[in-house]
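Architecture and fold: a report
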Amino acid sequence: MELCFIELDFMEFHKLFLYVLLVSIAAILCTATFSFAGGGWGYDGQEGVTLPADWGHVSEFCNGKNQSPIDIVTADAKKVDAIKIDFTYNAASGKVEYVNNGHSVTITPKDVRSIKIPDNFSLVQFHFHTLSEHTVDGKHYDMEMHLVHADEAYLAGKPDGKLAVLGVFINEGAENGTLKKIFNDLPKAGHGDHVEKKGSEITANFDKLLPAGTRKVYSYQGSLTTPGCNEIVSWFVFDQPITMSKEQIDAYRSLFVNESTKKSYHTNRPTQPLNGRTVSYGTLTGENK
Ligand SMILES: [Zn+2]
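Computed from a predicted structure; not experimentally measured.

Moving on, we get to the pairing of strand β13 (residues 233-238). Across five bridges, strand β10 (residues 163-172) lies against β13 in parallel orientation. Within β13, the position partnered with Ala164 by the bridge is Ser234. Judged from the six bridges that link them, strand β12 (residues 216-222) and β13 form a sheet pairing that is antiparallel. Each bridged residue has a counterpart across the sheet, and for Gly222 the counterpart in β13 is Val233.

This part takes up the pairing of strand β7 (residues 120-129). Among the ten residues that make up β7, nine are buried, leaving the element largely enclosed by the rest of the structure. Judged from the two bridges that link them, strand β5 (residues 105-109) and β7 form a sheet pairing that is antiparallel. Bridging across to β7, Ile107 finds its partner in Phe126. Of the pairings in the sheet, the one linking strand β6 (residues 114-116) to β7 comprises three bridges and is antiparallel in character. Its bridge partner lying in β7, Lys116 is registered against Asn120. Between β6 and β7, which pair antiparallel and follow one another directly, the connecting turn spans three residues.

Quick look at unusual backbone geometry now. Omega for the peptide link from Thr130 to Leu131 comes to -5 degrees, which places this bond in the cis form. With respect to the secondary-structure elements, Leu131 resides in the loop between β7 and β8 (135-136). Put simply, Pro227 and Gly228 share a cis peptide bond, and its omega is 5 degrees. With respect to the secondary-structure elements, Gly228 resides in the loop between β12 and β13. Backbone geometry places Asp137, a non-glycine residue, at a positive phi of 50 degrees. Within the secondary structure, Asp137 sits in the loop between β8 and β9 (143-150). Judged by the 10 C-beta atoms lying within 10 Å of it, Asp137 falls in the exposed class. Not every positive phi belongs to a glycine, and Cys229 is a case in point at roughly 60 degrees. One can find Cys229 in the loop between β12 and β13.

Criteria and cut-off values
- Residues numbered from 1 in each chain as written.
- Predicted model: local features only at pLDDT ≥ 70, side-chain atom pairs only at ≥ 80, totals over all residues.
- Pairing = 2+ DSSP bridges.
- Helix = DSSP H or I, 4+ residues; strand = E, 2+ residues; numbered from the N terminus.
- Buried ≥ 20, exposed ≤ 12 C-beta atoms within 10 Å, placed from the backbone.

So, in structure tokens, the structure goes:
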């Protein structure tokens with residue numbers, strides 16, 4: 001059947017418009033990261049790059065007072081009754097596109113997923129760090145996944161745009177079936193490279209990327225954990241990890257190797273001072289569609 005533009009009803013047009021916006025913004029996020037690569041910023045264990053302690057030279061925001069990640073001190077977290085987020089994550093399947101930008105592998109869903117807290121934030125991409133970036137009482141997990149959501153002002157390129165990021169810890173354990181296809185076929189890239197792969201398909205719903213059972217999250221105001229380090233992020237870090245197999249974690253680690261020592265390096269920014277910020281802790285409530 002031929003689908004002609006004039007046949008799109010308003011909702012379909014709205015969805016199409018939002019999709020074009022999401023793809024554009026994902027491209028901008030990836031390019032923003034990419035533009036600093038190639039002798040640009042990098043992680044401890046790499047050579048010839050600006051290391052995390054000096055990222056303030058890459059972007060002055062990295063020297064800000066409300067930076068991420070942080071060490072979450074559980075005894076200091078403010079207990080709250082509930083943290084309400086409505087999800088539209090469930091769907092039978094969804095195609096994704098993924099990019100290795102030399103710092104991480106970012107994955108962009110092709111259909112619209114969003115969270116409401118209470119403003120609406122659309123999922124623009126998710127990606128991974130090894131080790132975890134956040135720590136809990138000083139302890140790292142093996143990896144951390146970041147699901148990055150943007151509000152309408154951000155998508156429209158306005159200066160008051162905000163992001164909401166869900167952080168999910170990953171520990172070695174059972175194989176992760178939801179991420180299996182992606183981790184079977186991770187794109188390799190040297191530092192400063194930008195390798196794209198299109199059309200991989202996630203056959204389970206995105207809700208399965210999150211920890212199962214009763215969900216509790218730590219929430220605080222912080223920043224992007226890579227340059228430009230913009231302090232525009234509401235963070236929601238789940239207290240329970242998901243698992244990936246040793247093979248899956250090793251497959252990811254093998255993408256980020258120091259070219260002269262041949263050793264893999266970690267892709268986490270060290271934790272940043274809290275500087276008096278409050279970390280809330282509560283049960284995640286809200287609808288899940
Ligand atoms: Zn991240």
